[in-house]
Amino acid sequence: MGSAQGRGWQLGAAAEIGGVLQVPGDKSISHRALLFLAIAEGGGEIRGLLEARDCLNTLAALRALGARIDSLGPGSYRVVGPAGGGLRAPDKPLDLGNSGTGLRLLTGLLAGLNLPASLTGDASLCRRPMGRIVDPLNAMGAAIRAEDGRPPLHLASHEGLQGIDYAMPVASAQVKSAILLAGLHARGETRVREPAPTRDHSERMLAGLGADIEWGQGEVRLRPGGLRGQDIDVPADFSSAAFFVALAAARPGAEICLRQVGINPTRDGLLRLLKRMGAAVGLENQRLVGGEPVADIRVTGQPLEAITVSAEEVALAVDEIPALMIAAARARGTTHVEGAAELRVKESDRIAAMAEGLQAMGLSVETRPDGLSVTGGPIRGGRIASRGDHRIAMSFAMLGALLPAGEQLRIDDVDNVATSFPDFIARCKAVGVNIQES
Ligand SMILES: O=C(O)C1=C[C@@H](OP(=O)(O)O)[C@@H](O)[C@H](O)C1
Ligand SMILES: C=C(OP(=O)(O)O)C(=O)O
């Protein structure tokens, strides 16, 4: 425990992979449920909230703004805005830790409520671009200052917001959601156009809470107004399920079933990509939970073929590209990912991190400013720098499980897995992954 690289994992060949798993609640939906209920009349209960560091930071920030959030049991919370009035300006900077979603959405909410505040985060978050929200929010009338376009962000009070008609230069659900949250309190209609479809959890939840919103054909329109509180059930996180989906897909004969996973079509692009590579993917018990489609996902490993992934497909699988690269590493041929420049500004530069790790395991990889190409082939053990990025660490754990007998993989700096996936190790062991903390 505790080297210069932080905590790490040690992986060896897995004898057999298979089983039934339920992964924790959806991170995107958990953030939204907390933020939206804190400003909804009467508040509401959340069931299945992701109790991971990113969402708990958003929860703590809302408490600092005066919201009352009571735990009712594991994953269950009651959220109510302050009695007799709205949220209030915080007396200290709000720290959103590692979370782009928490920081960007909360900035939109605070700009709409006209609450002066400072927002910051950890070293990774303080390197991430914020001009993408600061520019449109300031164009609406907000007064947000960011040195060099990065956190900390400083919000001053302003004269009120005006709705905007905004064509986003990048396909980003965080930017879209920040603008919509501000638009709830702006004068006139707010319209956001996206260059490619991105996750629509905000639109679905806002509609469920009574907002005057419509969306489709690449744009969202929202008219200002209050939200009405309601209880919210959070499905299991597709992005967490994705590691096990990719693992089963990449190992012929393995079968894993993931229960009650959100399969919103703006999130489940990975399933279509793996099917195109030849994996057998089935959906069982399909139903709607709180306006979101949910299913049990059953994946059976087959020999895989390389594919080419387009920019539009990247937007529908933006957090799953590292997991997809695990399948690419085991596929016949070279998988090309295009239009993925956004991966360079996540918790780490995910293109560079994946390329470096895959090369360390003996694979041939080429990188471009907006993508990478991975040629499948034999893999060997070694040492991986996760760069403190939860999704890089968890993806390489899956590739570690596919090592040949006798090989060992060490993954450094895995602490941030706690930002999105508590109990990852236990879930790994439950399906036969040979993983130890070190
Ligand atoms: O809106 C959200 O909840 C998210 C949107 C995506 O980010 P971008 O909007 O920056 O693409 C994604 O990568 C992130 O994990 C969660
Ligand atoms: C990019 C991610 O999250 P965020 O932007 O909220 O930090 C992620 O979870 O992969």
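Residues numbered from 1 in each chain as written. Chains lettered and ligands numbered in written order. Predicted model: local features only at pLDDT ≥ 70, side-chain atom pairs only at ≥ 80, totals over all residues.

### Regarding the overall build of the chain
Which entries qualify depends on this criterion: For the purposes of this entry, the term helix denotes a DSSP run of H or I that reaches at least four residues, the term strand denotes a run of E that reaches at least two, and both are numbered from the N terminus. We take the radius of gyration over the C-alpha atoms and set the globule estimate at 2.2 Å times the residue count to the 0.38 power. Put simply, a residue is buried when 20 or more other C-beta atoms lie within 10 Å of its own C-beta and exposed when 12 or fewer do; between those, it is partly exposed, and each C-beta is set from the backbone.
Along its length, the chain carries 13 helices and 26 strands. At 21 Å, the chain has a C-alpha radius of gyration in line with the 22 Å of a compact globule built from 438 residues. If you line up the chain on its principal axes, its C-alpha atoms span 65 × 45 × 40 Å. Taken over 438 residues, the chain has a buried fraction of 55%.

### Brief notes about the UniProt feature "binding site: phosphoenolpyruvate" (unreviewed entry) in the chain
Applicable threshold: UniProt positions are given in the numbering used here, feature names are shortened, and annotations may be inferred rather than shown by experiment. A residue pair is marked as a contact if its C-beta atoms, positioned from the backbone, fall within 7 Å.
Feature annotation in UniProt places "binding site: phosphoenolpyruvate" (unreviewed entry) on Lys27, Gly100, Arg128, Gln174, Arg350 and Arg391, given in this structure's numbering. The residue Lys27 is located in helix α1 (residues 27-38) in this model. By the C-beta count within 10 Å, which is 26 here, Lys27 ends up buried. Those residues in contact with Lys27, other than ones at most four positions away along the chain, are Leu50, Ala52, Asp54, Cys55, Asp237, Ser239 and Ser420.

### Regarding the sheet that holds strand β11 (residues 165-167)
Picture the strands of a sheet paired through backbone hydrogen bonds; they go either parallel or antiparallel. Where we set the bar: Here, strands pair whenever DSSP counts at least two bridges between them. In this analysis an axis means a line fitted to C-alpha atoms, helices contributing only their contacting stretch, and an angle means the value between N-to-C directions, from 0 to 180 degrees.
With mixed pairing, the four strands of this open sheet are ordered in space as β11-β12-β14-β13. The two strands at the open ends of the sheet, each matched to only one other strand, are β11 and β13 (212-216). Ignoring which end each strand starts from, the neighbouring axes of this sheet average 10 degrees apart. Where β13 meets strand β14 (residues 219-223), five bridges bridge the pair, whose relative direction is antiparallel. If you follow Trp215 over to β14, its bridge partner there is Val220.

### A word on the domain arrangement of the chain
Buried accessible area, meaning the area lost when the parts come together, often serves as the stated size of an interface. Put simply, the test is: Domain ranges listed in this record stem from an automatic or a database domain assignment. Asp, Glu, Lys and Arg are counted as charged, while Ala, Val, Leu, Ile, Met, Phe, Trp, Tyr, Cys and Pro are counted as nonpolar; the rest, among them Gly, fall into the polar class.
With domains assigned, the chain is organised as domain 1 (9-25 + 235-437) and domain 2 (27-233). If you average the C-alpha positions of domain 1 and of domain 2, the two centres end up 29 Å apart. The interface of domain 1 with domain 2 comprises 28 residues on the first partner and 30 residues on the second. With three residues, helix α9 (residues 311-315) is the single largest residue contributor to the side of domain 1 that touches domain 2. In terms of residue class, the side of domain 1 that touches domain 2 is made up of ten nonpolar, twelve polar and six charged.

### Remarks on the pairing of strand β5 (residues 68-73)
Of all six residues in β5, zero are buried; the element is thus mostly exposed. Examined bridge by bridge, β5 and strand β6 (residues 76-80) share five bridges and lie antiparallel to one another. Residue Ile69 lies in a different strand from β6, and its bridge partner there is Val79.

### A closer look at the site of ligand 2
Going by this rule: For each residue, a C-beta atom is positioned from the backbone; the residue is called near a molecule or strand if that atom sits within 6 Å of it.
All residues adjacent to ligand 2 are Asn98, Ser99, Gly100, Thr101, Asp319, Lys346, Glu347, Arg391 and Ser420. Three or more residues apiece are contributed to the shell around ligand 2 by two domains, here domain 1 (9-25 + 235-437) and domain 2 (27-233).

### A few points about helix α12 (residues 390-400)
Across the eleven residues of α12, eleven count as buried, placing the element largely inside the fold. Here α12 has its buried residues at His390, Arg391, Ile392, Ala393, Met394, Ser395, Phe396, Ala397, Met398, Leu399 and Gly400.

### Details of the nonpolar core
What counts here: Think of a nonpolar core as buried Ala, Val, Leu, Ile, Met, Phe, Trp, Tyr and Cys residues chained together by C-beta atoms that fall within 7 Å.
Counting 149 residues, the largest nonpolar core has Val245, Ala246, Ala327 and Ala397 as the members making the most contacts within it. If you tally residues by element for this core, the top one is helix α7 (residues 238-249), at ten residues. Both of domain 1 (9-25 + 235-437) and domain 2 (27-233) provide at least three residues apiece to this core. Not counting residues within four places of it along the chain, the set of residues in contact with Val245 comprises Leu258, Leu270, Leu274, Ile297 and Val299.

### Here's the deal with the site of ligand 1
As a structural note, the neighbourhood of ligand 1 is formed by Ser28, Gly100, Thr101, Ser172, Ala173, Gln174, Ser177, Arg199, Val318, Asp319 and Glu342. Mapped by element, the contributors of at least two residues to the shell around ligand 1 are α3 (100-113) and α5 (173-183). Per-element accounting of the shell around ligand 1 gives the leading share, three residues, to α5. For the shell around ligand 1, the per-class residue count stands at two nonpolar, six polar and three charged.

### Here we look at the environment of Leu37
Here Leu37 lies in helix α1. A C-alpha to C-alpha distance of 26 Å links Leu37 and Asp165, two positions 128 residues apart in sequence. Look past the residues within four positions of Leu37 in its chain and what remains in contact with it is Gly43, Gly44, Ile46, Val79, Gly229 and Ile232.

### A few points about the sheet that holds strand β18 (residues 280-289)
The strand order across the open sheet formed by four strands is β2-β17-β19-β18, and the pairing between neighbours is mixed. The sheet is open, and its two edges are formed by β2 (18-21) and β18, each paired on a single side. Across this sheet, the average inter-strand angle for adjacent strands is 15 degrees, counted without regard to direction. Strand direction decides the pairing type here: β2 and strand β17 (residues 255-262), joined by four bridges, are parallel. The residue bridging Gly19 from the neighbouring strand is Ile256, located in β17. Across the sheet, α7 lies against β2, β17 and β19 (292-300), angled at about 160 degrees from β17, the strand it touches most.

### Concerning unusual backbone geometry
Following Pro151, the chain continues to Pro152 via a peptide bond in cis, the omega torsion being 0 degrees. Along the chain, Pro152 falls in the loop between β9 (143-146) and β10 (153-156). We note that Asp148 has phi near 60 degrees; this positive angle belongs to a residue other than glycine. With respect to the helices and strands, the residue Asp148 is situated in the loop between β9 and β10. Although it is not a glycine, Gln260 sits at a positive phi angle of roughly 55 degrees. As for its placement among the helices and strands, Gln260 is situated in strand β17.

### Let's talk about α7
Of all twelve residues in α7, twelve are buried; the element is thus mostly enclosed. Turning to α7, its buried residues number three or more, namely Phe238, Ser239, Ser240, Ala241, Ala242, Phe243, Phe244, Val245, Ala246, Leu247, Ala248 and Ala249.

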